[in-house]
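# Observations on the model geometry
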Amino acid sequence: MAEINFWIGIIATMAFAVTGVLAITDRGVDLFGVLVLGLITAIGGGTIRDIILEAPIFWSENQVYVWLALGASVLTFFAESFFTQPQIYRWMLYMDGFGAALFAIQGADKAWNMHFGLPLAPVILGVVTAIGGGLLRDVLAGRKTLIMSHELYAIPVSFGCIAYVLILNFWPQYTLEGSVICMLGIFGLRAAAIHWDLRVPKMFISRTR
Amino acid sequence: MAEINFWIGIIATMAFAVTGVLAITDRGVDLFGVLVLGLITAIGGGTIRDIILEAPIFWSENQVYVWLALGASVLTFFAESFFTQPQIYRWMLYMDGFGAALFAIQGADKAWNMHFGLPLAPVILGVVTAIGGGLLRDVLAGRKTLIMSHELYAIPVSFGCIAYVLILNFWPQYTLEGSVICMLGIFGLRAAAIHWDLRVPKMFISRTR
Amino acid sequence: MAEINFWIGIIATMAFAVTGVLAITDRGVDLFGVLVLGLITAIGGGTIRDIILEAPIFWSENQVYVWLALGASVLTFFAESFFTQPQIYRWMLYMDGFGAALFAIQGADKAWNMHFGLPLAPVILGVVTAIGGGLLRDVLAGRKTLIMSHELYAIPVSFGCIAYVLILNFWPQYTLEGSVICMLGIFGLRAAAIHWDLRVPKMFISRTR
């Protein structure tokens with residue numbers, strides 16, 4: 001399980017760094033900014049989670065995530081024209097959705113195992129792990145954040161984390177199966193949103209005054 | 001005293017969630033964004049305080065604040081037209097001022113009791129508890145923050161925290177009375193600012209260039 | 001060494017507060033905002049570093065940094081027309097570059113001595129110490145952050161931290177000399193950037209779309 005978790009983290013980290021960089025390269029950012037913002041997108045959410053949990057920051061124990069995020073960021077900067085091809089970019093969006101699903105369930109799981117503020121806090125920290133890095137990036141890059149965008153991104157993540165916490169609570173014997181199902185559920189919803197370009201329905205959006 | 005503190009926190013949390021949501025619903029935010037930003041407004045300040053204090057995050061020990069903030073946020077979203085009636089909205093502003101007064105003194109008190117960076121840090125952490133959540137909300141929602149707004153909000157909070165720290169230092173036997181007086185002082189100044197629409201005097205504002 | 005570190009911190013803190021305030025006074029900020037943003041510029045980076053390190057926040061142990069930052073901020077507010085004279089302002093920019101060099105090496109050193117995530121994390125935390133406060137200020141003041149500005153600021157800081165970590169790793173017997181050389185190296189590059197108005201070369205900036 002620890003082995004799987006490690007590889008899951010690897011894939012998600014790289015996906016986040018690539019999409020994180022692609023989200024800002026249209027703004028005329030320099031290579032240093034790309035490194036900083038790619039790194040923050042990839043490891044920012046988990047860092048905020050660990051700070052709130054008062055657990056050792058995950059990348060102080062295993063630097064591989066940091067190296068990968070930095071490497072993926074540089075690569076994306078120099079191969080931007082490759083990654084922004086519509087076909088490839090779409091693929092990256094799916095990867096990013098997969099990364100969000102993985103990070104969310106990992107984050108909820110970590111909080112649950114530390115008995116941190118059950119039952120609500122693991123849901124919050126799962127969401128923080130998945131979207132916190134992107135929020136930090138957007139704030140530092142002066143972009144509109146995900147929270148104001150009406151994208152179906154954080155909502156699938158939230159439902160998945162709620163489902164996972166319910167499984168941990170009521171059917172703890174199915175933790176492993178539950179984690180896989182919740183990840184796939186988040187990814188499925190997110191993939192549907194990408195494929196059909198779904199957004200938050202109007203009735204759940206406040207009227208602009 | 002612990003009992004009173006608990007109820008004080010309840011009222012302040014709800015007031016912050018309601019005014020926190022009302023501050024952003026004019027920007028076309030979706031229900032998920034409302035939940036996140038309402039929650040952050042209500043518990044963000046105390047969370048930053050506890051992170052700096054390296055104390056257990058307050059909502060990991062008692063989830064009731066989180067539930068209330070989420071509930072108040074949803075309610076505000078669906079009953080927005082009720083809350084934005086001028087009369088009700090004004091009432092909410094007073095409630096919010098009361099919440100800020102309570103959170104400020106509680107925050108300063110917590111830092112003082114942990115002997116954290118006396119005598120200056122309890123003042124800073126009282127202010128952080130009262131305004132930190134609103135700052136986080138504004139940054140994530142892309143709004144101008146309180147710090148740039150010339151509202152008489154953080155200044156009464158600061159004076160109240162300074163007065164409370166002076167009382168804790170020189171007249172520790174009057175801690176309880178002092179905390180009530182400082183809360184009422186903050187609330188009184190804030191209420192006056194709301195009632196007469198007072199703002200920071202021009203001589204204390206830098207000239208725009 | 002501890003003695004020198006203390007005085008270094010004093011100078012850097014004051015320089016950061018002054019330049020931090022000058023960066024925002026053209027936006028019509030009030031005295032309270034000046035105090036908050038001056039303080040955040042001066043002690044924000046070290047605070048984020050200590051939170052990530054899970055070390056006691058440095059200003060909880062010695063309040064002198066907070067007093068100085070507040071004092072320098074008030075002074076800058078009232079003597080703004082003095083500090084914005086081209087000659088004096090230029091001098092302040094050099095002071096600020098000196099402060100960044102000091103804070104960066106101090107931050108990297110602290111992380112290294114705590115064996116935090118060697119070898120990469122000390123570099124990251126050195127950079128965070130030097131630029132974190134300015135980033136927080138810009139976000140709260142609604143300014144474009146340093147990361148998006150193409151200034152040659154964070155890049156010299158990063159190179160200095162990398163060089164210092166290499167020295168700590170391969171020539172630990174030269175720690176003291178190395179720290180001085182790396183500080184001077186950062187300051188030299190930053191001073192050159194100020195003097196000749198150097199910016200990040202175009203080939204390292206993504207095209208605006």
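Note that this is a predicted model, so its numbers are computed, not measured.

Attention now goes to the overall build of chain A. Looking only at helices and strands, chain A has nine helices and zero strands in total. Reading the helices (α) and strands (β) of chain A from amino to carboxyl end gives α-α-α-α-α-α-α-α-α. A globule of 209 residues ought to have a C-alpha radius of gyration of about 17 Å, and chain A, at 17 Å, matches this closely. In terms of principal-axis extent, the alpha carbons of chain A reach across some 50 × 45 × 30 Å. Considering chain A as a whole, with its 209 residues, one finds that 54% of them fall into the buried category.

Glancing now at the interface of chain B and chain A. Opposite the 24 residues of chain B that make contact, chain A presents 22 residues. Looking at the side of chain B that touches chain A, the elements that each hand over two or more residues are helix 2 (31-53), helix 3 (58-61), helix 4 (64-78) and helix 7 (120-141) of chain B. Top contributing element to the side of chain B that touches chain A by residue count: helix 2 of chain B, with six residues.

Our next topic: the relation of the copies chain A and chain C. Superposition of the two copies of the chain requires a rotation about an axis and a shift along the axis. Least-squares fitting of chain A to chain C yields an RMSD of 0.0 Å, with the transformation described by 0.0 Å of translation along the axis and a rotation of 120°. One copy is carried onto the other by what is essentially a three-fold rotation axis. Take the interface residues of chain A: only 8% of them recur as interface residues in chain C, which is what a contact between different surfaces looks like.

Moving on, we come to the interface of chain A and chain C. The interface of chain A with chain C comprises 24 residues on the first partner and 23 residues on the second. Elements that contribute at least two residues to the side of chain A that touches chain C include exactly helix 2 (31-53), helix 3 (58-61), helix 4 (64-78) and helix 7 (120-141) of chain A. Of all the elements, helix 2 of chain A adds the most residues to the side of chain A that touches chain C, at six residues. Considered class by class, the residues forming the side of chain A that touches chain C number 14 nonpolar, six polar and four charged.

Looking now at the relation of the copies chain B and chain A. Of the transformation placing chain B onto chain A, the axial shift is 0.0 Å and the rotation is 120°, giving an RMSD of 0.0 Å. Counting the interface residues of chain B, we find that no more than 8% of their copies in chain A are interface residues as well, pointing to two distinct contact surfaces.

Further remarks concern the nonpolar core. Ala104(A), Ala104(B) and Ala104(C) are the most contacted members of the largest nonpolar core, which totals 213 residues. For Ala104(B), the contacting residues outside a window of four places in its chain are Gly126(B), Val127(B), Thr129(B), Ala130(B), Val157(B), Gly160(B), Cys161(B) and Ile186(B).

Regions with low pLDDT carry predicted coordinates that are not meant to be interpreted in detail. Per-residue pLDDT for chain A has a mean of 92; in total, 99% of the residues score no lower than 70. Listed scores for the predicted complex are pTM 0.95 and ipTM 0.93.

So, on to helix 6 (residues 86-113) of chain B. The first and last C-alpha atoms of helix 6 of chain B sit 41 Å apart over 28 residues, in line with the 40 Å expected at 1.5 Å per residue. With its phi angle positive at about 50°, His115(B) sits one or two positions after the end of helix 6 of chain B.

Residues and elements named next belong to chain C. Between helix 6 (residues 86-113) and helix 8 (residues 154-170), the shortest axis-to-axis distance is 10 Å and the interhelical angle comes to 40°. The angle between the axes of helix 6 and helix 8 places the two elements in the oblique class. With respect to the hand of their crossing, helix 6 and helix 8 are arranged in right-handed fashion. Where helix 6 approaches helix 8, its residues Ala 100, Ala 101, Ala 104, Ile 105, Ala 108 and Trp 112 are matched on the opposing element by Val 157, Gly 160, Cys 161, Tyr 164, Val 165 and Leu 168. Looking at the contact of helix 6 with helix 8 residue by residue, the classes come out as eleven nonpolar, one polar and no charged.

This paragraph deals with the environment of Leu120(A). Turning to its location among the elements, Leu120(A) is positioned in helix 7. For the pair Leu120(A) and Val165(A), spaced 45 residues apart in sequence, the C-alpha separation works out to 8.4 Å. Leu120(A) has contacts with Gln63(B), Val66(B) and Trp67(B), leaving out every residue within four places of it along the chain.

Moving on, we come to helix 2 of chain B. The end-to-end C-alpha distance of helix 2 of chain B, which contains 23 residues, comes to 32 Å, matching closely the 33 Å that a straight helix rising 1.5 Å per residue would cover. Positioned one or two residues after helix 2 of chain B, Glu54(B) has a phi angle of 55°, which is positive.

A negative phi angle characterises most non-glycine residues, just as the trans form characterises most peptide bonds. In the segment running from Leu118(A) into Pro119(A), the intervening peptide bond is cis, with an omega of -5°. As for its placement among the helices and strands, Pro119(A) is situated in the loop between helix 6 (86-113) and helix 7. Its identity as a non-glycine residue notwithstanding, Asp197(A) has a phi of 50°, on the positive side. C-beta crowding within 10 Å serves as the criterion here: with 8 such atoms nearby, Asp197(A) is assigned to the exposed category. A positive phi is found at Glu54(B), a non-glycine position, where the angle reads about 55°. On the secondary structure map, Glu54(B) appears in the loop between helix 2 and helix 3.

Moving on, we get to the packing of helix 6 of chain A against helix 9 (residues 175-195) of chain A. All names here are of chain A. Viewed as axis vectors pointing N to C, helix 6 and helix 9 meet at an angle of 145°, and their least axial separation amounts to 9 Å. The crossing of helix 6 and helix 9 is right-handed. For the pair formed by helix 6 and helix 9, the contact residues are Leu 93, Tyr 94, Gly 97, Phe 98, Ala 100, Ala 101, Leu 102, Ala 104, Ile 105 and Asp 109 on the first element and Ser 179, Cys 182, Met 183, Ile 186, Phe 187, Arg 190, Ala 191 and Ile 194 on the second. Of the residues contributing to the contact of helix 6 with helix 9, the split by class is 14 nonpolar, two polar and two charged.

All names here are of chain A. Relative to the elements of secondary structure, Arg 137 occurs in helix 7. For Arg 137, a count of 26 C-beta atoms within 10 Å corresponds to the buried category. Sequence separation of Arg 137 and Ile 181 is 44 residues, and the distance between their C-alpha atoms is 29 Å. Ignoring anything within four residues of it in the chain, the contact list for Arg 137 reads Gly 20, Ile 24, Leu 37, Ile 40 and Thr 41.

Here is what the cut-offs are and how they apply
- Residues numbered from 1 in each chain as written.
- Chains lettered and ligands numbered in written order.
- Predicted model: local features only at pLDDT ≥ 70, side-chain atom pairs only at ≥ 80, totals over all residues.
- Helix = DSSP H or I, 4+ residues; strand = E, 2+ residues; numbered from the N terminus.
- Rg over C-alpha atoms; globule rule 2.2 N^0.38 Å.
- Buried ≥ 20, exposed ≤ 12 C-beta atoms within 10 Å, placed from the backbone.
- Contact = placed C-beta atoms within 7 Å.
- Least-squares fit on C-alpha atoms with pLDDT ≥ 70 in both.
- Nonpolar A, V, L, I, M, F, W, Y, C, P; charged D, E, K, R; others polar.
- Core = buried A, V, L, I, M, F, W, Y, C linked by C-beta atoms within 7 Å.
- pLDDT = per-residue confidence, 0-100.
- Expected span 1.5 Å × (residues − 1).
- Axes fitted to C-alpha atoms, helices over the stretch in contact; angles between N-to-C directions.
- Parallel < 35°, antiparallel > 145°, perpendicular 65-115°, else oblique.
- Left-handed = near helix turned anticlockwise from the far one by under 90°.

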